[in-house]
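Results of the structural survey
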Amino acid sequence: MSEAFPSLQARRARQAELKRDLEFEDTLAGEHLRFRSTWGLFSPRRIDDGTRMLLERIEIRADDDCLDLGCGYGPIGLTLARKAPQGLTTLVDTNYLAVEYSQRNAELNGITNVECLTSNGFSRIRDRRFDLVTSNLPAKVGREMLQTYLLDAHEQMNPGGRIYVVTITGLRRFIEKGFKDVFGNYDKIKQGREYTVAAAIREPD
């Protein structure tokens, strides 16, 4: 009976374990960072392969103003902020817990040129303009959501600004069409068995 139904003490211990912060360190695009995360956030114990693949292929200028769309606990945005110390990097997510951990991780790593905001896409950052937009797009991104994100990104990117996304490779044609429809161009940066990194440029008006 006790094996089938754990004791109250065991359940409480398990609950406490699940609520405890997860901590790890990693080096992303040459930047060593410490992270705290928690269960319920995407890839909480390690940097996922898609994020790593994306960061290894983004071209960043020191004064870029960057956006990490769907930031999670911050690995992409905080790496961009380190790479662009003269710019401001904005991290947004619909999940307030993700934004809270992004802010905590910025403080943990002494990164000050960032702002972390809870936002449904671009809804809270309509006044911003960006040189670089990035996103690790979810596998279940729908046509309408993708179109909205890309149209909003195009509107809020500076001329000559770049957008980079990583998706599962099965979505590569879907992403290619979206980029060509909105930006008029598409560059497949890297295609792997599981993930593909793609980019586009906002041409001058």
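In what follows, the accompanying structure is described. These figures come from a predicted structure and were not determined experimentally. (Residues numbered from 1 in each chain as written. Predicted model: local features only at pLDDT ≥ 70, side-chain atom pairs only at ≥ 80, totals over all residues. Heavy atoms only, no water.)

Looking at the overall build of the protein
The helix and strand inventory of the protein stands at 6 helices and 9 strands. Relative to the globule expectation of 17 Å for 205 residues, the C-alpha radius of gyration of the protein, 18 Å, shows essentially globular dimensions. When the backbone C-alpha atoms are referred to their principal axes, the protein occupies close to 70 × 35 × 30 Å. Burial statistics for the protein: of 205 residues in total, 49% are counted as buried. Considering only residue pairs separated by 6 or more positions, the protein has 66% of its internal contacts joining residues 24 or more positions apart. As displayed, the protein offers around 10800 Å² of accessible surface, 48% of which is attributable to carbon and sulfur atoms. Within the protein, one finds 30 positive and 30 negative side-chain charges whose respective centroids are separated by 5 Å. (Helix = DSSP H or I, 4+ residues; strand = E, 2+ residues; numbered from the N terminus. Rg over C-alpha atoms; globule rule 2.2 N^0.38 Å. Buried < 20%, exposed > 50% of the residue type's maximum accessible area, 1.4 Å probe, protein only. Contact = heavy atoms within 4.5 Å. Areas by Shrake-Rupley, 256 points an atom, 1.4 Å probe, with all protein chains shown as cover. Lys, Arg positive; Asp, Glu negative; His and termini not counted. Charge placed at Lys NZ, Arg CZ, Asp CG, Glu CD.)

With respect to the pairing of strand E1 (residues 22–28)
Alternating residues of E1 divide into Leu22, Phe24, Asp26 and Leu28, all buried, and Glu23, Glu25 and Thr27, none buried. With 7 bridges joining them, E1 and strand E2 (residues 31–37) adopt antiparallel strand pairing. Pairing of Leu22 across the sheet is with Ser37, part of E2. What sits between E1 and E2 in their antiparallel hairpin is a turn of 2 residues, with Ala29 showing a positive phi close to 50 degrees. (Pairing = 2+ DSSP bridges.)

Side note on helix H6 (residues 172–183)
With 12 residues, H6 ought to run about 16 Å at 1.5 Å a step, and its terminal C-alpha atoms sit 16 Å apart, in line with that. Listed as buried for H6 are Phe174, Ile175, Glu176, Gly178, Phe179, Val182 and Phe183. Buried residues belonging to H6 abut helix H5 (143–156), strand E7 (157–168) and strand E9 (195–201). (Expected span 1.5 Å × (residues − 1).)

Quick look at the sheet that holds E7
Here 7 strands make up an open sheet; going across it, the order is E5-E4-E3-E6-E7-E9-E8 and the pairing mixed. Since the sheet does not close on itself, it has two edges, and those belong to strand E5 (114–118) and strand E8 (187–191), each with one partner. Strand-to-strand, the axes of this sheet are offset by a mean angle of 15 degrees, without reference to chain direction. Strand direction decides the pairing type here: strand E4 (residues 89–93) and E5, joined by 5 bridges, are parallel. Each bridged residue has a counterpart across the sheet, and for Asp93 the counterpart in E5 is Thr118. Strands strand E3 (66–69), E4, E5 and strand E6 (130–136) of the sheet are contacted by helix H3 (residues 75–83), whose axis makes an angle of about 175 degrees with E4. Contacting E4 and E5, helix H4 (residues 96–108) crosses the sheet at an angle of about 165 degrees to E5. (Axes fitted to C-alpha atoms, helices over the stretch in contact; angles between N-to-C directions.)

What about the nonpolar core?
Counting residues in hydrophobic clusters, the biggest one holds 32 residues, and the most contacted among them are Phe35 and Leu78. Going through the elements one at a time, E1, E2, helix H2 (49–55), H3, H4, E5, E7 and E9 are the ones with two or more residues in this core. If we ignore the near neighbours within four places in the chain, the residues touching Phe35 are Leu22, Glu23, Phe24, Leu28, Ile47, Tyr73, Gly74, Pro75, Leu78, Asn105 and Leu108. One finds Leu69, Val133, Tyr149 and Ala198 within the second-largest nonpolar core, a separate group that totals 26 residues. (Core = buried A, V, L, I, M, F, W, Y, C linked by side-chain atoms within 4.5 Å.)

Notes on the pattern of salt bridges
Per the stated rule, a full pass over the model turns up 17 salt bridges. A salt bridge links Glu31 to Lys83, with the nearest nitrogen and oxygen atoms 3.6 Å apart. With Glu31 in strand E2 and Lys83 in helix H3, the pair connects residues that are 52 residues apart, well separated along the chain. Lys83 sits in the partly exposed class, given a relative accessible area of 29%. Salt bridges sharing common partners tie together Asp21, Glu100 and Arg104. (Salt bridge = Lys/Arg side-chain N within 4 Å of Asp/Glu carboxyl O.)

Nothing here speaks to function; it is all geometry.
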